[in-house]
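# Per-entry structural report
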Amino acid sequence: MQQWTQCCSYNVAAEQKARVTYDNILRLSDDPDVNDVIRFLREREVVHFQRFGEAIALAKERMNQKNVYLTNPAFDPA
């Protein structure tokens, strides 16, 4: 589990790094057309970051649940 979490944390960090890069480009650019595209990309990165966080939380929650398929009464009679 820890290795999987580290892998996903890396992806979340990549999303954050991209957002910071877009913020820096917006500070340097004065072209409205370029700024529109960069704003769109930045918003997309924010949504990706949120979805990664939600996916990690859901995966952790489900990994902590009992496995209801551990036994199958049709194959493992009591």
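The structure presented is a predicted model; accordingly, all values stated were derived computationally and were not measured.

The rules behind the values
Residues numbered from 1 in each chain as written. Predicted model: local features only at pLDDT ≥ 70, side-chain atom pairs only at ≥ 80, totals over all residues. Heavy atoms only, no water. Helix = DSSP H or I, 4+ residues; strand = E, 2+ residues; numbered from the N terminus. Buried < 20%, exposed > 50% of the residue type's maximum accessible area, 1.4 Å probe, protein only. Contact = heavy atoms within 4.5 Å. Areas by Shrake-Rupley, 256 points an atom, 1.4 Å probe, with all protein chains shown as cover. Salt bridge = Lys/Arg side-chain N within 4 Å of Asp/Glu carboxyl O. Polar contact = N/O pair within 3.5 Å; in protein donor to acceptor, adjacent residues only side chain to side chain. Core = buried A, V, L, I, M, F, W, Y, C linked by side-chain atoms within 4.5 Å.

For the chain, the count of helices and strands is two helices and zero strands. A total of 78 residues make up the chain; the buried ones form 19% of that total. The long-range share in the chain, meaning contacts at least 24 apart out of those at least 6 apart in sequence, stands at 60%. Per element, the accessible surface of the chain, about 6600 Å² overall, is 57% carbon and sulfur.

What follows concerns the environment of Glu45. Secondary-structure assignment places Glu45 in helix H2 (residues 32-63). In sequence terms Glu45 and Ala14 are 31 residues apart; their C-alpha atoms lie 9.3 Å from each other. Those residues in contact with Glu45 that sit more than four places away from it in its chain are Glu15, Ala18, Arg19 and Tyr22.

Our next topic: the pattern of salt bridges. Inspection of every chain in the model, using the stated rule, returns five salt bridges. Two residues, Arg42 and Asp23, come together in a salt bridge whose shortest N-O distance is 2.9 Å. Of the two residues, Arg42 sits in helix H2 while Asp23 sits in helix H1 (residues 2-28), which places them 19 residues apart along the sequence. Given the relative accessible area of 16%, Asp23 is considered buried. Here Arg51 and Glu54 are joined by a salt bridge, their closest N and O atoms 3.1 Å apart. Within this pair, Arg51 and its partner Glu54 are both found in helix H2, separated by three residues, close to a single helical turn. With a relative accessible area of 45%, Glu54 lands in the partly exposed category. Linked through salt bridges whose partners overlap, the residues forming this network are Arg19, Asp23 and Arg42.

This part is about the side chain of Ser29. Here Ser29 lies in the loop between H1 and H2. Here the side chain of Ser29 touches Asn35 through a polar contact of 2.8 Å, side chain to side chain. Ignoring any residue separated from it by four or fewer positions in sequence, one finds Ser29 in contact with Val34 and Asn35.

Time to look at the nonpolar core. Grouped burial of nonpolar side chains is what soluble globular proteins tend to show. Counting residues in hydrophobic clusters, the biggest one holds five residues: Ala18, Tyr22, Leu26, Ile38 and Leu41. With three residues, H1 is the largest single contributor of residues to this core. Apart from residues lying up to four places away in sequence, Leu26 is in contact with Asn35, Ile38, Arg39 and Arg42.

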